[in-house]
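Remarks on the overall topology
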Amino acid sequence: LVLVLGAGIIGLLATIYFSHRKIKSISVCELIDERINTIKNLKLKGVSVIHPDELKEEIAKNAEDPSWGFDRAFDFTGAVPAIQTGFDALRKRGRLILFGIMRKDAKLDLKPSDILYKELTVTAALTNPGTIKPTLDAIVSLSSQGILDMDKLNMKSYRLEQYDDALKSLKNGSISKAMFNLSDL
C-alpha cells in the first residue's frame, strides 16, 4: 500500500509512474479540489484520492489496529502537516520518503517510540544528477503511450508576458505546472 502526499506536478507524475509500475493500491492525499479532480480524471488503475481530514480520521479510527496503514508514504509537499500525517499513517516496518522541500526551521512531532516499536524508516532524497537519464527515458516511454498529456496533467503553456496569469493559476492550484513559450521572442 502506497500513500502519495501531494498531487502537485511531482506527486502527480509519481502517481502515474507508480500506477504504471503495477502497484495495486495507491492513495493520493490532496487538499486542493483542482488537483483532486486531475487525479480522478486520469482514471488510473488502483489509485484513489483521500482528503487530509479523511485520512486523519482513518488514522485515529485504526490507531489500535497494527495491520492498518501504508507500507510507504511519499511526501511531495514539504508541508509539515502532510509529512506528519504520512508518518502517522505508516504501518509496522513502513517507510516515509521525503521529496518535498520544507523550510529549514520546520519541525515534526515524531515519537521515538513509534519509530522503535513500529520499526519505521524515514529517508529523504534531493535531486541526483544520475537520475536525469532514467527520468527522461521514463517520460519518453509514458509520453509515447499517451499518458503524459499536458491537458490531462493540468499543465498550461503561457507567453512570457502572461507570467502574472501563470503565477496566479499556480498559486490558486488551478494548474499543476506553468510553462513559458519563448519561441516568440
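1. What about the sheet that holds strand E4 (residues 70-75)?
Pairing in this open sheet of six strands is parallel, and the strands run E3-E2-E1-E4-E5-E6 from one edge to the other. Two strands in the sheet have a free side with no partner beyond their single neighbour: strand E3 (47-50) and strand E6 (121-124). Geometrically, the sheet is characterised by an average inter-axis angle of 20 degrees between neighbouring strands, direction not taken into account. Strand direction decides the pairing type here: strand E1 (residues 2-5) and E4, joined by four bridges, are parallel.

2. Brief notes about the pairing of E4
Alignment of E4 against strand E5 (residues 90-98), held across five bridges, turns out to be parallel. Among the inter-strand pairings, alanine 73 is bridged to a residue of E5, identified as leucine 96. Taken together, E4, helix H4 (residues 80-88) and E5 constitute a β-α-β crossover, and its handedness is right-handed.

3. Remarks on the pairing of strand E2 (residues 26-29)
Side chains Ile26 and Val28 project from E2 onto one buried face, and the interleaved Ser27 and Cys29 project onto a second face that is buried too. Inspection of the sheet shows E1 paired to E2 by four bridges, in the parallel sense. When the sheet's bridge partners are listed, valine 4 is paired in E2 with valine 28. A crossover links E1 with its parallel partner E2, the connecting element being helix H1 (residues 9-20), and its sense is right-handed. Taken together, the four bridges between E2 and E3 define a ladder with parallel strand orientation. Bridging from a neighbouring strand, isoleucine 26 pairs with valine 47 of E3.

4. Side note on the packing of aromatic side chains
The tally for this structure, following the rule as stated, stands at seven aromatic pairs. With a centroid separation of 6.4 Å and an interplanar angle of 10 degrees, the aromatic rings of phenylalanine 74 and phenylalanine 76 are classed as stacked. Side by side, phenylalanine 74 and phenylalanine 76 carry an identical accessibility label, which is buried. Between tyrosine 158 and phenylalanine 180, the ring centres sit 6.4 Å apart and the planes meet at 45 degrees, which makes this aromatic pair tilted.

5. What about a nonpolar patch on the surface?
On the surface, Leu160, Tyr163, Leu167, Leu170, Phe180 and Leu182 cluster together into a nonpolar patch covering about 550 Å² of accessible area. Top element by residues in the nonpolar patch is helix H7 (residues 163-171). It accounts for three residues. Residue position: leucine 160 is located in the loop between strand E7 (155-159) and H7. Taking the relative accessible area as the measure of exposure, leucine 160 reaches 38% and is therefore partly exposed.

About the criteria used
Residues numbered from 1 in each chain as written. Predicted model: local features only at pLDDT ≥ 70, side-chain atom pairs only at ≥ 80, totals over all residues. Heavy atoms only, no water. Pairing = 2+ DSSP bridges. Helix = DSSP H or I, 4+ residues; strand = E, 2+ residues; numbered from the N terminus. Axes fitted to C-alpha atoms, helices over the stretch in contact; angles between N-to-C directions. Right-handed = clockwise from strand over helix to strand, strands pointing away. Buried < 20%, exposed > 50% of the residue type's maximum accessible area, 1.4 Å probe, protein only. Phe/Tyr/Trp six-rings, centres within 6.5 Å; stacked < 30°, edge-to-face > 60°. Patch = residues over 30% accessible without salt bridge, like charges linked within 9 Å, V, L, I, M, F, W, Y side chains within 5 Å. Areas by Shrake-Rupley, 256 points an atom, 1.4 Å probe, with all protein chains shown as cover. Salt bridge = Lys/Arg side-chain N within 4 Å of Asp/Glu carboxyl O.

Purely geometric numbers; function is a separate question.
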